[in-house]
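If you want the building blocks of each chain, they are given just below.
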Amino acid sequence: MKKIAIIGSGMMGSALVWPAFENSNEVRLVGTPLDRDIIEACQKSGRHPKFDRAFPEGVKYYQFGQWREAVDGVDFVIGGVSSFGVDWFLEEVLAFLDPRIPVLSVTKGLVNLEDGTLISYPDYWQRELAKRGICREVCAIGGPCTSYELVFHDQTEVAFCGKDTEALRMMKSAMATDYYHISLTNDVIGLESAVALKNGYALAVAMTIGLVNREHGSDAGLHYNSQAGAFYQAVKEMRYLLEMQGASRDCENIGIGDLYVTVYGGRTRKIGILLGEGKSYQEAMDILAGVTLESLVVARRVYAAMARKAELGKADLSMFPMLCHAAAVLDGGKDARLPWDDFTFDRTTSVQES
């Protein structure tokens with residue numbers, strides 16, 4: 001049995017309570033300062049406000065002010081913050097957490113540096129901690145997994161990544177169940193890039209659903225040609241980007257699986273549909289007030305990185321028409337109608353005159 005503290009009681013961090021606890025571990029769920037109401041609800045009823053299913057009896061709940069008590073004696077910590085909490089987690093937890101305690105992050109995203117380089121959140125945290133003389137490795141989770149499906153115990157395939165193989169194997173042993181299946185890889189930038197990139201591309205694919213609603217009415221049903229065409233283009237661009245990141249083929253494949261589940265079951269689907277229906281970015285954000293949309297952070301950062309690389313002659317933006325389109329819809333007021341002809345290619349050879 002292991003002792004596990006999960007810091008961040010948002011949906012994904014909280015969903016991990018189930019495989020962690022049901023594998024005979026002691027689980028301590030810690031809220032951030034923004035999660036006070038969630039932890040209070042859990043303490044009173046044993047239920048997360050966003051989930052229909054009650055937590056297993058025996059889970060322990062802590063407000064953030066008690067986090068040091070919660071991590072006392074744990075075998076590892078799971079960081080359950082969203083991408084908006086990356087710097088908070090650095091300043092309030094990682095800067096003070098014993099470096100000997102392994103950390104497993106569920107936060108998906110990338111950080112773009114001045115030269116257009118994209119680094120993972122584990123790399124970002126490790127760089128910032130090193131400036132303070134703190135040496136720590138951060139592991140991470142990636143893969144096609146939505147929180148509510150994990151709570152439902154739907155069969156789920158993910159990967160844990162990190163440079164510390166021993167820690168990865170320990171955490172897999174603690175978390176793997178008959179419905180939560182875990183692969184392991186040392187390819188941190190590959191896995192983290194794959195599962196982050198899919199967010200921005202799922203946004204564009206979901207626009208096709210809204211476009212059908214706009215053009216044919218909400219009762220027109222689902223039409224898969226346009227979704228599949230956009231999905232194909234998203235995969236093509238993701239692969240270009242992942243090649244630039246040096247990702248392994250295994251991580252590419254995990255990213256494609258994650259793209260699928262995000263298009264069909266994620267929060268990103270909602271804003272993509274609204275934009276496709278003709279809503280402005282601000283109108284869509286007003287409708288989805290209170291919904292955490294990490295996909296928008298990723299789309300903007302990846303576009304900014306590629307634009308910078310293009311300025312330096314290290315990338316060709318014409319290879320990323322879907323990425324450029326998503327950025328223009330979000331920040332340039334462009335209509336969501338996809339530039340379909342830009343997705344086509346011509347691989348034919350010239351006919352020689354006889």
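Structure: above.
My aim in this report is to walk through the structure given alongside it, one point at a time. (Residues numbered from 1 in each chain as written. Predicted model: local features only at pLDDT ≥ 70, side-chain atom pairs only at ≥ 80, totals over all residues. Heavy atoms only, no water.)

1. Re helix H15 (residues 321-331)
Link 1 in the chain: Extensive coverage of H15 is indicated by the burial of 8 of its 11 residues.
Link 2 in the chain: Turning to H15, its buried residues number three or more, namely Pro321, Met322, Leu323, His325, Ala326, Ala327, Val329 and Leu330.
Link 3 in the chain: Structurally, H15 contributes buried residues whose contacts are with helix H9 (188-216), helix H10 (224-244), helix H12 (267-276), helix H13 (281-287) and helix H14 (294-311).
Link 4 in the chain: Two residues or fewer after H15 comes Gly333, characterised by a positive phi angle close to 70°. (Buried < 20%, exposed > 50% of the residue type's maximum accessible area, 1.4 Å probe, protein only. Helix = DSSP H or I, 4+ residues; strand = E, 2+ residues; numbered from the N terminus. Contact = heavy atoms within 4.5 Å.)

2. Considering the pairing of strand E10 (residues 180-185)
Link 1 in the chain: Judged from the 6 bridges that link them, strand E9 (residues 156-161) and E10 form a sheet pairing that is parallel. Paired with Cys161 across the bridge in E10 is Thr185.
Link 2 in the chain: Between E9 and its parallel partner E10, the chain crosses via helix H8 (residues 165-175), and the hand of that crossover is right-handed. (Pairing = 2+ DSSP bridges. Right-handed = clockwise from strand over helix to strand, strands pointing away.)

3. Details of the pattern of salt bridges
Link 1 in the chain: Under the criterion given, the structure shown has 17 salt bridges.
Link 2 in the chain: Put simply, Glu114 and Arg308 hold a salt bridge, and the shortest N to O gap is 2.9 Å. Taken together, the positions of Glu114 in the loop between strand E6 (110-112) and strand E7 (118-120) and Arg308 in helix H14 put the pair 194 residues apart, joining distant regions of the chain.
Link 3 in the chain: Residues Glu128 and Lys131 are paired through a salt bridge, measuring 3.0 Å at the closest nitrogen-oxygen approach.
Link 4 in the chain: Residue classification places Lys131 among the exposed residues on the basis of a relative accessible area of 64%.
Link 5 in the chain: One connected set of salt bridges, linked through shared partners, spans Arg214, Glu215, Asp335 and Arg337. (Salt bridge = Lys/Arg side-chain N within 4 Å of Asp/Glu carboxyl O.)

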